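Structure assessment
Below are the chains, spelled out letter by letter.
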Amino acid sequence: MKKFFLNLISIISFAPFITQVTQEDVTHNLRKLKEYSWFNAYLENEIFRNLIVHNDRVRNVIGEFNEKRFSHCSYQKKMNKRLNAVLLNEEVRTTV
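Described below are features of the structure shown in this document. (Residues numbered from 1 in each chain as written. Predicted model: local features only at pLDDT ≥ 70, side-chain atom pairs only at ≥ 80, totals over all residues. Heavy atoms only, no water.)

Right, let's talk about the nonpolar core for a bit. A general tendency of soluble globular proteins is for nonpolar side chains to be buried together. Of all hydrophobic cores here, the largest spans 21 residues; its most connected members are Leu33, Phe39, Ile52, Ile62, Phe65 and Leu83. Every element with two or more residues in this core is listed here: α2 (23–33), α3 (37–44), α4 (46–54), α5 (56–64) and α6 (73–95). At five residues, the largest contribution of residues to this core is made by α6. In this structure, Leu33 is in contact with Trp38, Phe39, Ile62, Phe65, Phe70 and Met79, ignoring residues within four places of it in sequence. (Core = buried A, V, L, I, M, F, W, Y, C linked by side-chain atoms within 4.5 Å. Buried < 20%, exposed > 50% of the residue type's maximum accessible area, 1.4 Å probe, protein only. Helix = DSSP H or I, 4+ residues; strand = E, 2+ residues; numbered from the N terminus. Contact = heavy atoms within 4.5 Å.)

Written as C-alpha cells, this is what we have:
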C-alpha cells in the first residue's frame, strides 16, 4: 500500500516513481523463487547463477516481482519470461 501511495504522489507531481527495490525485497523473492523448478534451472547454470547473485539489474527485476501472485501459473510464466530476457541481455553485456 505504501508503494501505491508513493507512486500516486509521483504521478501527480510528474516526478519519476519514488519506490525502489530494497535488498529485503530481493532476498524475500529469491527465497520464494527457489521453490520452483524453472528458477532452479537458472541457478544450475553457472553464468546465470553468477548474474542472479551479483548483477544489480537482474536482482532489481527479481525484487520487483509481486510475491502475492507467485502461486498463479500465468504469473510464473510471466516471471520466467521476464527473468530469462534480462539474464540473456546481461549475459551478452558482460561478455562483450
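With that out of the way, let us pick up the pattern of salt bridges. Tallied over the full model, the rule gives three salt bridges. Close ionic contact of Arg57 with Glu90 constitutes a salt bridge, the shortest N to O distance being 3.5 Å. With Arg57 in helix α5 and Glu90 in helix α6, the pair connects residues that are 33 residues apart, well separated along the chain. By relative accessible area, Arg57 is classed as partly exposed at 44%. Between Arg93 and Glu90 there is a salt bridge whose closest N-O contact spans 3.2 Å. Of this pair, Arg93 and Glu90 are both found in helix α6, three residues apart, which corresponds to roughly one turn of the helix. The partly exposed category is assigned to Arg93, whose relative accessible area is 45%. One salt-bridge network, in which partners are shared between bridges, spans Arg57, Glu90 and Arg93. (Salt bridge = Lys/Arg side-chain N within 4 Å of Asp/Glu carboxyl O.)

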